Amino acid sequence: MIVIHHNPDCGTSRNVLAIIEASGAAPVVIEYLREGWTRPQLLGLFAAAGLTPRAALRETKSPAKELGLLEPGISDEVILAAMLQHPLLVNRPIVCSPKGVRLCRPSELVLDLLDQMPPGPLYKEDGELILDAEGRRVG
């Protein structure tokens, strides 16, 4: 089973979801902006992905700067608490599969988590080629 913590307004997140679906998988899609996060959920995802709250912090197009979270010396605990109040602060998409958990930025990182590669050629929304006609990674 594959789970994607997804933001449908994000091009990278949409690309990752499309790659997963092109591989033949039917992922569980969690729209975290609607559902929010729990502390245990974030701690588990970050531990599994080898991330700290600071490493998973979305710095642009989020309230991170306004909340003072980009300042040096801000603890992971403070960042984590802010993420619980403002789900947009968590960078995405985070994908969980039997092969691991990863923040999939850039979107082609999700290929490492799939049991089966999608058929090629495969393109991102913006037209960038990810897999050639033989299903080999490009780039």
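Anyway, here's the lowdown on the structure attached to this text. (Residues numbered from 1 in each chain as written. Predicted model: local features only at pLDDT ≥ 70, side-chain atom pairs only at ≥ 80, totals over all residues. Heavy atoms only, no water.)

**Comments concerning the pattern of salt bridges**
Under the criterion given, the structure shown has nine salt bridges. Across the salt bridge formed by Arg-39 and Glu-77, the nearest N and O atoms sit 2.7 Å from each other. Note that Arg-39 is positioned in helix H3 (residues 39–49) and Glu-77 in helix H4 (residues 76–85), a separation of 38 residues in sequence. Residue classification places Arg-39 among the partly exposed residues on the basis of a relative accessible area of 36%. Notably, a salt bridge pairs Asp-112 with Arg-102, separated by 2.6 Å at the nearest N-O pair. Of this pair, Asp-112 sits in the loop between strand E4 (100–103) and strand E5 (122–123) while Arg-102 sits in strand E4, and the two are 10 residues apart along the sequence. (Salt bridge = Lys/Arg side-chain N within 4 Å of Asp/Glu carboxyl O. Helix = DSSP H or I, 4+ residues; strand = E, 2+ residues; numbered from the N terminus. Buried < 20%, exposed > 50% of the residue type's maximum accessible area, 1.4 Å probe, protein only.)

**So, the packing of H3 against H4**
Helices that pack against each other are described as a pair by the angle of their axes relative to one another and the distance between those axes. In the contact formed by H3 and H4, the axes pass within 10 Å of each other and the chain directions differ by 125°. Our classification of the angle between H3 and H4 gives oblique. With respect to the hand of their crossing, H3 and H4 are arranged in right-handed fashion. Packed against H3, whose contacting residues are Arg-39, Leu-42, Leu-43 and Phe-46, the element H4 presents Glu-77, Leu-80, Met-83 and Leu-84 at the interface. Each residue belonging to the contact of H3 with H4 can be placed in one class, and the counts come to six nonpolar, no polar and two charged. (Axes fitted to C-alpha atoms, helices over the stretch in contact; angles between N-to-C directions. Parallel < 35°, antiparallel > 145°, perpendicular 65-115°, else oblique. Left-handed = near helix turned anticlockwise from the far one by under 90°. Contact = heavy atoms within 4.5 Å. Nonpolar A, V, L, I, M, F, W, Y, C, P; charged D, E, K, R; others polar.)

**Some points on the sheet that holds strand E3 (residues 94–97)**
Backbone hydrogen bonds are what pair the strands of a sheet, in a parallel or an antiparallel way. The sheet built from four strands is open, its strands ordered E2-E1-E3-E4 with mixed pairing. Looking at which strands have only one partner, the edges of the open sheet turn out to be strand E2 (28–31) and E4. On average, each strand axis in the sheet is inclined to that of its neighbour by 15°, with strand direction left out of account. As paired elements, strand E1 (residues 3–6) and E3 share three bridges and run antiparallel to each other. Within E3, the residue paired with Val-3 across the bridge is Cys-96. (Pairing = 2+ DSSP bridges.)

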